[in-house]
Amino acid sequence: MAGSAATIVCAFVPASALRFAGTSTPKVLTPKERHCLQATVSRIIPADANGPGALEAGCAVYVESALRDAYRSQKPAYSAGLAALDSCAITRHGKVFAALDVAKQNQILSDFERSTRVGEYADSAFFFEMVRRHTLEGMFGDPSYGGNANFAGWDLIGYPGLRMYVNPDLERLNAAIPRSRVSADQLLHGSR
Amino acid sequence: MAPVNLPKTDVVVIGLGAAGGLAVLPLVRAGLKIVGLEAGGWFRPSDHHPDEIRNNIRHWPHAVQKANHEIPTARDGRNGPPLPRPLYHPMMNGVGGTSLHYWAQSWRLTEWDFKARSETIRRYGASAIPEGSTVEDWPVSYEELEPYYDKVEYAIGVSGKAGNVQGAIDKSGNIFESTRQREYPMPALRGAGFADLMANAAKRLRWHPYNPPAAINSVPYDKRTACFYHGFCGSGGCPVNAKNSTAVTTIPQAMATGNLKVVPYAHVIAIEADVHGRVTGARYLSDKKEYFQPASVVLLAGYSYENTRVLLLSKSKAYPRGLSNNHGQVGLHYMSHTRNGVMGLFPFDLNRWYGTPAQGTSLDDWADDNFDHAGVGFIGGGNLLVTMEAKPIEAASMSTFGKAPRWGSGWKAFVKENAGRWAPVWAQISTFPFEDHFLDLDPEVKDPLGYPVCRLTVGLKESERSAMRFMQEKAEQWLREAGAIAIDKLPLVPIGLSTHAYGGTRMGHDPETNVVNAWGFSHEAPNLGILGASTMGTSGARNPTLTVQALAWRTADHLIKEWKSIAE
C-alpha cells in the first residue's frame, strides 16, 4: 500500500523533519474509520463555549499521522476499536457511530469507558483509554505533529508556550506571562 | 563468520552512561588506554528539542533503539500475573546514556543507608527487619564514599546548598544530610513561586525544607552556561549544555587526554572468559558485523537490567550458568523505588510551567532513621519532593480529583480552570531486597537478535505498603498546609520497569550472597568490574545517580591502585 514506503522512511528521520505531517493527507485509515475517529475525538474534547474541540484542533490528523509511523503497531487496535464503535451503533440505532446524535455517541463511549462487553469485542475500555490518551497528546502536544492547531490546546489550559530562556519573574506565582505561540521547530529555527 | 579481532586495550568499558562515562575520567588520567563501547550515538545540543511528544511520550525516536528492542518483562510474584510491559524502555542509548535526559537530581545517600540492617537491629531489634528481606549492610561506609561523592560533585558540577559541612549544621541546607567535606561547587538552583509556597508551608509544620541538589548549572561552570529553565528538562536533553550529563563533562574531558576511544553504535552481546575464569574482552555487533575487543580488564556499566542480562547471556566453560554466576547470585536482591505520589489541587494558579524537575523543595524529616519507627511497620522512610516543570500534556492529563468527568465538555471546563492548579508530591521510599524479588532471563520473550530479554519478578511487601501510606499521609499534610483543597493519592501497586532499578549484581563481602566485592570487582572473575545501581544493596530514599557515580569513581581508583594484581 502507498503508506508503507512512508512508514519505513519515517522510522529513520527525526521528528523535526515531520513538521509537514499534519498538512499532508495521511492514508492509513479507511474513510469509514476516519469518520468514526473524528466523531470520537469530538466527543472526548468537544467544541463548545470554551473554544475549539479536538477535531478542530487536528487531533484526528495527529492520530492518523502517528498510526503511519510512531504508533503503527497500534493500527490494528484502532481498526478493531473503530469497527466495534460502528458495530455497536448499528446494533443499537441502525446507523454508524459518526451518524448518531451527540447523546447517543456519548452513551456508547461511556459504555466503552466502563468496559461494557460490546458484542464479540472485549477491549472496549483499553481502546477508549488509548484514544483518550492520544487525543490529549494531539490537543496539548507540539503543533508540528498535526494537532494543537492555532495553539488551541495550549490556550485552553493557559500554557504560556515555548521559550528558550525563562526569566525568574516568569516562575513567580501569579506572573502575567505573554503567550509565545511558537512550535518547537519555530523556536529553534525561526518562523517559517 | 568469526568476529573481527581488534587490538588489545587496557580496559574496555561497556556502556558510556552515567557510570561508565564517569569512570573513564580517572582511568585515562592514570594513563590507561580505554575503549568505550556505547550502543547509541552522539547527540548535539541542537538535537534536544522542547517537545513533550518526542521526549516524554515517544521517548526519543531519534535515538538508537537498542533498549526498546530489549524491554524487560515483569510479573507480580513468581506465580503472579504479568505487569504491563511499556512500549518504551525507561532508559536510553547514547553517548552519555540516560544522563542525557535524567532529572539530574544528585543526592548523596546518608550514613544510615549503608548500614540499615545493623542500625535497625541495634535500635529496634532483629524482628524489625522485614520478613524475607535479604538486606545486608553495604561493604562500604558513607565515610569511605564521601571523598568520591565530593570528586563527582566537582567533576560534573552539582548545584546545591550544604546542610552539614564537617559537622557544622546550616539550616538553609538539608540538616539531615551526612557530613560533607565542603560546600557544593555551585549554589542551589533558583527558587520559584510554587517551590517557595511549599517551603513556607513545610516551615509552618516545623519541618526542614531545602533546595534539592542537581547536576545542573545554577551559574556558569566549566565553560558551560547556567540553566535557562526552559521547562523541558525531565526526559529532555539540554539544548544549552547546562545539564551535566557525562556526554558534556567527563567523557569529553577523558577524550582530551587521547586515552579514550569512544566506539558508538557498538551493541555488546557477550563478555568472553577463558578457562581460568578471567574475562578476556567483549564481543559486539556494529553495522551487522561482529567484533571482539580484547582487554586486560572489563568494566560492565550498563543499566541494572542489562548488566544482569549480559552476565547471564555470557556463558562459558568457566561460567556455565552465566558470567560470575557460579554462586547463583546474578539477578538476585533486585529492587526499585515504588511509584508513590500524592496530587494536590489548589484554588489558584501554581505557575509550574517552566523550570526543571530538579528545581523545587524537598525534605527529609520522614526519611531514613530521622524519626522513631517504633510501631510504624517499616524501616527507613521517604524523601518528599515537589518540583517545577509541568509540561502541557502532563498537566492536562491530570486527576479530576472526583470533581469532573474524564472527557467531554465537563472535563474540558475542568482542565481549563485547573490544569495549572495542581502539583504532585513525590515520596520516594527506601526499598530493600527480598528473597523473591529478582531478575532472570525471560523464558519466552526475545530481542530481534534472538536473545532472551530480562524478566523482573517483583511485588509490594506489607512493609513497603506501610511506608508508602505513611509518606502519603505526610505528603497530604504538606499539601493541605500549603492550601490544597483536594487530594488524590496514587494507588499502592507494584511497578515493573523503573528508572531507579537496583541490585542484580549486588556488592558485598560474602561471595555466597553477592556478585561483586567491596570495590565493585567480581568475586569470581577477578578482572571484571561492574558499575551501576545493580551493585547497590539498598535504594535509599533518593535518586541513585550520584551514588552510582561515586561508586564508579571508587572502582576506577581501586583498579588504578591495584592494576598489577587485577589486570596481570
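Residues numbered from 1 in each chain as written. Chains lettered and ligands numbered in written order. Predicted model: local features only at pLDDT ≥ 70, side-chain atom pairs only at ≥ 80, totals over all residues.

(A) Main features of the overall build of chain A. When helices and strands are counted, chain A shows eight helices and zero strands. The secondary structure elements of chain A, listed N-terminal to C-terminal, are α-α-α-α-α-α-α-α. For chain A, buried positions account for 45% of its 192 residues. In chain A, once contacts between residues fewer than 6 apart in sequence are set aside, the share between residues at least 24 apart is 59%. (Helix = DSSP H or I, 4+ residues; strand = E, 2+ residues; numbered from the N terminus. Buried ≥ 20, exposed ≤ 12 C-beta atoms within 10 Å, placed from the backbone. Contact = placed C-beta atoms within 7 Å.)

(B) Main features of the overall build of chain B. A tally of regular secondary structure across chain B gives 13 helices and 20 strands. Taking the principal axes of the C-alpha coordinates as reference, chain B spans close to 65 × 55 × 50 Å. A burial count over chain B gives 58% of its 568 residues as buried. The long-range share in chain B, meaning contacts at least 24 apart out of those at least 6 apart in sequence, stands at 76%.

(C) Structural detail: the confidence of the model for chain A. Of all residues in chain A, 85% have pLDDT values of 70 or greater, and the mean over the chain is 87. A low-confidence stretch, residues 1-22 of chain A stays under pLDDT 50, and its non-local contacts, those more than four residues away or across chains, total 30 contacts. (pLDDT = per-residue confidence, 0-100.)

(D) Fine view of the interface of chain B and chain A. Every contact between the two is made by 40 residues of chain B and, on the other side, 40 residues of chain A. Residue assignment for the side of chain B that touches chain A shows that the elements contributing at least two residues are α2 (52-57), α6 (193-204), α9 (392-396) and α10 (408-418) of chain B. Broken down by element, the side of chain B that touches chain A gets its largest block of residues, six residues, from α10(B). Of the residues in the side of chain B that touches chain A, the class split is 20 nonpolar, 12 polar and eight charged. (Nonpolar A, V, L, I, M, F, W, Y, C, P; charged D, E, K, R; others polar.)

(E) Broad picture of the environment of Gly147(A). Of note, Gly147(A) is situated in the loop between α6 (124-140) and α7 (152-157). Considered as a pair, Gly147(A) and Asn174(A) are 27 residues apart in the sequence and their alpha carbons are 28 Å apart.

(F) Seen up close, the domain arrangement of chain A. Residues and elements named next belong to chain A. Domain parsing of chain A yields domain 1 (2-159) and domain 2 (161-192). The interface is formed by eight residues belonging to domain 1 together with five residues belonging to domain 2. Each residue belonging to the side of domain 1 that touches domain 2 can be placed in one class, and the counts come to four nonpolar, two polar and two charged. (Domains from an automatic or database assignment.)

(G) View of α10(B). Of all the positions in α10(B), only Gly408(B), Lys412(B), Val415(B) and Asn418(B) are classed as buried. Mapping the buried residues of α10(B) onto a view down its axis gives an arc of 150 degrees, with all of them on the same face. Where α10(B) is buried, its residues touch α2 (31-44), α5 (102-113) and α7 of chain A together with β12 (341-345), α9 and β15 (422-429) of chain B. (Arc of directions from axis to C-beta.)

(H) Layout of α2(A). For α2(A), built from 14 residues, the straight-helix expectation of 20 Å at 1.5 Å per residue is met to within 8% by its first-to-last C-alpha distance of 20 Å. Listed in full, the buried residues belonging to α2(A) are Glu33(A), Cys36(A), Leu37(A), Ala39(A), Thr40(A), Val41(A), Ser42(A), Arg43(A) and Ile44(A). Among the structural elements, α3 (59-68), α4 (75-93), α5 and α6 of chain A together with α10 of chain B are those in contact with the buried residues of α2(A). (Expected span 1.5 Å × (residues − 1).)

(I) The environment of Gln329(B), seen in detail. All names here are of chain B. Of note, Gln-329 is situated in the loop between α8 (304-313) and β11 (335-336). According to the C-beta neighbour criterion, Gln-329 is buried, with 23 such atoms within 10 Å. Spatially, the C-alpha atom of Gln-329 lies 14 Å from that of Tyr-502, the residues being 173 residues apart in sequence.

(J) Looking closely at the sheet that holds strand β14 (residues 382-387) of chain B. Residue and element names in this part refer to chain B. Sheet architecture is open: five strands sit in the order β13-β14-β15-β12-β18, paired in antiparallel fashion. This sheet does not close on itself; its edge strands, each paired only once, are β13 (360-363) and β18 (486-489). For this sheet, the mean angle separating the axes of adjacent strands, direction not counted, is 20 degrees. Bridge count for β14 against β15 is four bridges, and the pairing is antiparallel. Within the sheet, the bridge partner assigned to Leu-384 lies in β15 and is Ala-427. Each of β13, β14 and β15 touches α6; the most contacted strand, β13, lies at about 25 degrees to it. (Pairing = 2+ DSSP bridges. Axes fitted to C-alpha atoms, helices over the stretch in contact; angles between N-to-C directions.)

(K) Seen up close, the packing of helix α1 (residues 20-29) of chain B against helix α12 (residues 545-561) of chain B. Residues and elements named next belong to chain B. At a minimum axis separation of 8 Å, α1 and α12 run at an interaxial angle of 30 degrees. Classified by the interaxial angle, the pair formed by α1 and α12 is roughly parallel. α12 is crossed by α1, and the crossing has right-handed handedness. Across the interface between the two elements, Leu-22, Ala-23, Pro-26 and Leu-27 of α1 pack against Gln-549, Ala-552, Trp-553, Thr-555, Ala-556, Asp-557, Leu-559 and Ile-560 of α12. (Parallel < 35°, antiparallel > 145°, perpendicular 65-115°, else oblique. Left-handed = near helix turned anticlockwise from the far one by under 90°.)

(L) Seen up close, the sheet that holds strand β4 (residues 73-76) of chain B. Residue and element names in this part refer to chain B. In space, the three strands of this open sheet follow the order β4-β17-β16, with mixed pairing throughout. Both edges of this open sheet fall to β4 and β16 (438-446), since each of them pairs with a single strand only. With direction set aside, neighbouring strand axes in the sheet form an average angle of 35 degrees. Pairing between β4 and strand β17 (residues 452-458): four bridges, direction parallel. Across the sheet, the residue bridging to Asp-76 is Val-458, located in β17. Across the sheet, α8 touches β16 and β17, and the angle it forms with β16 is around 70 degrees.

(M) Molecular detail of the nonpolar core. In terms of nonpolar packing, the biggest core is built from 216 residues, with Val13(B), Ala23(B) and Val298(B) touching the most fellow members. Counting residues per element, this core draws most heavily on α12(B), at eight residues. (Core = buried A, V, L, I, M, F, W, Y, C linked by C-beta atoms within 7 Å.)

(N) Geometry of unusual backbone geometry. Even without being glycine, Arg181(A) reaches a positive phi, approximately 50 degrees. Structurally, Arg181(A) is set in the loop between α7 and α8 (184-189).

(O) How the structure looks around the pairing of β17(B). Residue and element names in this part refer to chain B. Counting buried positions along β17 gives five out of seven residues, so the element sits mostly inside the fold. Here β16 pairs with β17 via five bridges, running antiparallel. The partner of Leu-441 across the bridge, within β17, is Cys-454. Taking the residues that link successive antiparallel strands as the turn, the β16-β17 hairpin has five residues, and the phi of Gly-450 there is positive, at about 95 degrees.

(P) Just the environment of Leu187(A), in detail. With respect to the helices and strands, Leu187(A) occurs in helix α8. Overall, Leu187(A) belongs to the buried group, with 20 C-beta atoms counted inside 10 Å. Taking the C-alpha atoms as reference points, Leu187(A) and Pro168(A), separated by 19 residues in sequence, lie 20 Å from one another. Excluding its chain neighbours within four sequence positions, the residues that come into contact with Leu187(A) are Leu162(A), Met164(A), Val182(A) and Pro50(B).

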